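Each chain, letter by letter, is given below.
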Amino acid sequence: MRLYSLLLSLSLTAGASALDMNHLYVVGPAATAGEWTAELPEEMVSIGYGIFIWDGYLGAGEFKFINKVGDWNSSVVSAEYEVNVQSNNTYTVYDNSGNQHYDFKFINPQAGECRIIVNLASNPMTMKFRRPSLLMVGSAARGWGSPDLNIPVYANDEGVVEWTGLLSAGELKFLTSANWSPCYNAREHDNPMIDGGHELIYHNDGTDDHKFKVLHSRKYTLKFDLNINTMNVTSHPGPSFGGGITAAVPGRYVVAVDRNSRGLFFGAVPEELYVKSLDGAVTRLSAIGSNSRIFKGELDMSASNYYKLYADEACSEEYCFSPNADVDISQKASTNVAPMSGYSYRVSRDGFYEVTADFSQSVPSVYAKYVTTGVEGIEDVEKAKVRVDGRDIIVEGDVEQVAVYDIAGRLISTQSVTENVAPGIYVVVADLQTIKLTVK
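All residue numbers refer to positions counted from 1 along the written sequence of the respective chain. Totals for whole chains, interfaces and linings use every residue, but because this is a predicted model, local features are given only for residues with pLDDT of at least 70 and side-chain atom pairs only at 80 or more, for both listing and counting. Excluded from the side-chain calculations are hydrogens and water; all other atoms, namely the structure's heavy atoms, are used.

**Observations concerning the overall build of the protein chain**
Part 1: Secondary structure is summarised from DSSP: a helix means a run of H or I of at least four residues, a strand means a run of E of at least two, and numbering begins at the N terminus for each. For the protein chain, the count of helices and strands is 0 helices and 41 strands.
Part 2: At 29 Å, the protein chain has a C-alpha radius of gyration far larger than the 22 Å of a compact globule built from 440 residues.
Part 3: For the protein chain, the spread of C-alpha atoms along the three principal axes comes to 90 × 60 × 50 Å.
Part 4: Classification of residues uses two cut-offs on accessible area relative to the type maximum, computed with a 1.4 Å probe and protein chains only: under 20% is buried, over 50% is exposed, and between them is partly exposed. Residue burial in the protein chain is summarised as follows: out of 440 residues, 43% are buried.
Part 5: When checking whether two residues touch, look at their non-hydrogen atoms; a contact exists if any pair is within 4.5 Å. By sequence separation, contacts in the protein chain at least 24 residues apart represent 56% of the contacts at least 6 residues apart.
Part 6: For the protein chain, the accessible surface area stands at approximately 22,700 Å², while carbon and sulfur atoms represent 48% of it.
Part 7: Charge assignment: positive for Lys and Arg, negative for Asp and Glu; neither His nor the chain ends contribute. Note on charges: their place is set at NZ of Lys, CZ of Arg, CG of Asp or CD of Glu. Taking the average place of the 35 positive charges on the side chains of the protein chain and the average place of its 53 negative ones, the gap between the two points comes to 5 Å. Radius of gyration: over C-alpha atoms. The globule rule applied is 2.2 Å multiplied by the number of residues raised to the 0.38 power. Surface exposure here means Shrake-Rupley accessible area, sampled with a 1.4 Å probe, where a residue is shielded only by the protein chains that are shown.

**Description of the sheet that holds strand β21 (residues 218–225)**
Part 1: The pairing criterion for strands is at least two bridges between them, as found by DSSP. Ordered in space as β14-β21-β22-β18, the 4 strands form an open sheet in which the pairing is antiparallel. Edge strands, defined here as strands with exactly one partner in the open sheet, are β14 (161–167) and β18 (196–199). Adjacent strand axes in the sheet meet at a mean angle of 25°, parallel and antiparallel pairs treated alike.
Part 2: As paired elements, β21 and strand β22 (residues 230–236) share 7 bridges and run antiparallel to each other. What sits directly across from K223, in β22, is N232. Here, axes are lines fitted to C-alpha atoms. For helices the fit covers the stretch in contact, and angles between N-to-C directions go from 0 to 180 degrees.

**Regarding the layout of surface pockets**
Part 1: For cavity detection a 1 Å grid was placed over the protein atoms alone, and a set of points counts as a cavity when a 1.4 Å probe fits there but cannot get out; an open set counts as a pocket when protein lies on both sides within 12 Å along at least five of seven lines, with lining residues being those that have an atom within 4 Å of a point. Grid points are joined across faces, edges and corners, and a volume is the space filled by probe spheres set on the points. Looking at the largest pocket, its volume works out to about 430 Å³.
Part 2: Lining the largest pocket are 20 residues, with A256, V257, N324, N336 and A338 positioned closest to its centre.
Part 3: Think of it as three bins: nonpolar holds Ala, Val, Leu, Ile, Met, Phe, Trp, Tyr, Cys and Pro, charged holds Asp, Glu, Lys and Arg, and polar takes everything else, Gly as well. Tallied by class, the residues present in the lining of the largest pocket amount to 11 nonpolar, 7 polar and 2 charged.

**Some words on empty space enclosed by the protein**
Part 1: The full count for this structure, using the stated rule, is 1 cavity of 30 Å³ or more.
Part 2: In this structure, the largest cavity encloses a volume near 40 Å³.
Part 3: Together, V275, M301, Y307, K308, L309, I329, Y345, V355 and V366 line the largest cavity.
Part 4: Take the lining of the largest cavity: its biggest share by element is 3 residues, from strand β28 (residues 307–310).
Part 5: Here the residues of the lining of the largest cavity sort into 8 nonpolar, no polar and 1 charged.

**So, the confidence of the model for the protein chain**
Part 1: Across the chain, each position has a pLDDT score giving the predictor's confidence in that residue, from 0 to 100. Residue-level pLDDT values for the protein chain average 86, and 90% of them are 70 or greater.
Part 2: Scored below 50 in pLDDT, residues 1–17 shows 52 contacts in the model against residues more than four places distant or in partner chains.
Part 3: Counted against residues more than four places away or in other chains, residues 374–381, with its pLDDT under 50, gives 20 contacts.

**Points about unusual backbone geometry**
Most peptide bonds are trans, and most residues other than glycine sit at a negative phi.
Part 1: Looking along the chain, the bond that leaves N123 and enters P124 is cis, with omega of 5°.
Part 2: With respect to the helices and strands, the residue P124 is situated in the loop between β10 (112–119) and β11 (126–130).
Part 3: Here the residue pair S181 and P182 is connected by a cis peptide bond, since its omega of 0° sits within 30 degrees of zero.
Part 4: Along the chain, P182 falls in the loop between β15 (170–175) and β16 (183–185).
Part 5: Residue D190 is not a glycine yet carries a positive backbone phi of 55°.

**Section: the packing of aromatic side chains**
Part 1: Centres within 6.5 Å are what make two rings of Phe, Tyr or Trp a pair, Trp counting through its six-membered ring; a difference in plane orientation under 30 degrees is then read as stacked, over 60 as edge-to-face, and the rest as tilted. By the definition in use, this model includes 14 aromatic pairs.
Part 2: Ring geometry for W36 against W72: centres 5.9 Å apart, planes inclined by 65°, an arrangement best described as edge-to-face. You can see W36 sitting in the loop between β1 (25–27) and β2 (42–43) and its partner W72 sitting in the loop between β5 (61–66) and β6 (75–78), a full 36 residues away along the chain.
Part 3: For W36, a relative accessible area of 33% corresponds to the partly exposed category.
Part 4: A residue is classified by how much of its surface remains accessible, and W72, at 37% relative accessible area, is partly exposed.
Part 5: Taking 5.2 Å as the distance between ring centres and 75° as the angle between the ring planes, the aromatic pair formed by F174 and F224 counts as edge-to-face. On the criterion of sequence distance, the pair formed by F174 in strand β15 and F224 in strand β21 is long-range, its members being 50 residues apart. The two residues F174 and F224 agree in class, both being buried.
Part 6: Through a chain of ring-to-ring contacts, the aromatic side chains of F63, F65, Y91 and F106 assemble into a single cluster.

**What about the nonpolar core?**
Part 1: The term nonpolar core refers to a set of buried residues drawn from Ala, Val, Leu, Ile, Met, Phe, Trp, Tyr and Cys, joined through side-chain atoms within 4.5 Å. Of all hydrophobic cores here, the largest spans 25 residues; its most connected members are F63, F65, I116 and M127.
Part 2: Counting only elements with at least two residues in this core, the list comes to β4 (51–58), β5, β8 (89–95), β10 and β11.
Part 3: F65 has contacts with L24, Y25, V26, V27, M44, S74, S75, V76, F106, I116, V118 and M127, leaving out every residue within four places of it along the chain.

**Concerning the side chain of K173**
Part 1: Relative to the assigned elements, K173 resides in strand β15.
Part 2: Looking at K173, the relative accessible area reads 4%, which means it is buried.
Part 3: Polar contact criterion, stated in full: a pair of N or O atoms within 3.5 Å, where within protein one must be able to donate a hydrogen and the other to accept it, and residues adjacent in sequence count only if both atoms are side-chain atoms. In this structure the side chain of K173 is engaged in a polar contact, spanning 2.9 Å, whose partner is the side chain of D209.
Part 4: With sequence-adjacent residues up to four places away left out, K173 is seen in contact with L135, M136, V137, W144, W180, C183, Y184, N185, D209 and K211.

**Focus on the pairing of strand β35 (residues 384–389)**
Part 1: A one-sided burial pattern is seen for β35, the buried positions being A384, V386 and V388 and the unburied ones K385, R387 and D389.
Part 2: Alignment of β35 against strand β36 (residues 392–397), held across 6 bridges, turns out to be antiparallel. Across the sheet, residue D389 finds its bridge partner in β36, namely D392.
Part 3: In this structure, the hairpin formed by β35 and β36 is closed by a connection of 2 residues, where G390 is found at a positive phi of approximately 65°.

**So, the environment of S46**
Part 1: Tracing the chain through its elements places S46 in strand β3 (residues 45–48).
Part 2: Given the relative accessible area of 36%, S46 is considered partly exposed.
Part 3: C-alpha separation for the pair S46 and I117, spaced 71 residues apart in sequence, amounts to 9.8 Å.

Put into structure tokens, the structure is as follows:
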């Protein structure tokens, strides 16, 4: 199925030769949370030489395009001043790098889902703007919580309204805007959405609100003819595992399933492991024991930062382990460890943590244990308080027995004040109560 067809012309406009034909970004208050920010634009998807597409929610207001992140001088702009975009219209765009053209913006008069297609290789360069022909809602799609929880369906260049994707078993109907009505319903309640043709009943109020019933969770192609209000359904079989899965290198692998795209991700259990934060800091975790698949290390972690695991020091994305949703690993161990670049691990408060990543079991896990540190490291141990003062470890309170051990488990002191210890991690046992702390 073609979602759209585009005419590709290889004759470039006068200023287009300097453009990067591999990247383009949408920027402006309508696209980037009400702000003009060149550092955090919305990246468009390249679908061919100089052709880009973006599907998403566009707010009301101004927008234009930039060719390079952070560079306003790479702007691609409207040919006219304050052009209000309308659905199914095509507009001329200009390369404004070097201020060759007036910095004209497009204006989106109505917030909502949209599709933008930019062709930098045509002469003149163009931008096509489309709003959805239909919005799919229901438990088979994204839920019934709000009409905003929809899946948009767009027409292609020939006006064909068609969609292919995954639907869950459940209910489904079709809106014409981000409101509950008008809408297209089934003729009868729970009309089964089986392969073949179906009649769509148009309603401009809430009466006869009959839903289609998706019987099986699988991939579907839905083709609509809104001139005669019909829908043709084609279901697609799921993936086949009849063939064997082989690997170039024998060994243990972590496997993750992407339910949305019905794909599998494989990653070899790492020989070494690194933690990289969003700010770029990289920390190596040490392997515990020979041929071990358990890694530990101490990190200074922030509740406002984000972290991923990498199997190489360069932190290449193809050797990344991450969760499919942001996970707080300071609360409990997480088995959400997928061999793909996804979301991030987080902690609930700032401080030093002992991070453990365990690939030795049938299911990998990652955990961050808070470690008391520095002058902030004062913890109650029933009758005792244990704190660090510079290089000294001090136990205060009514305590009969004290034992201080280093990270290797060696007893280094039985005194309430252990002076001038080397930087590192220590374990203090005070009347059988145990606390771990760090001396910097």
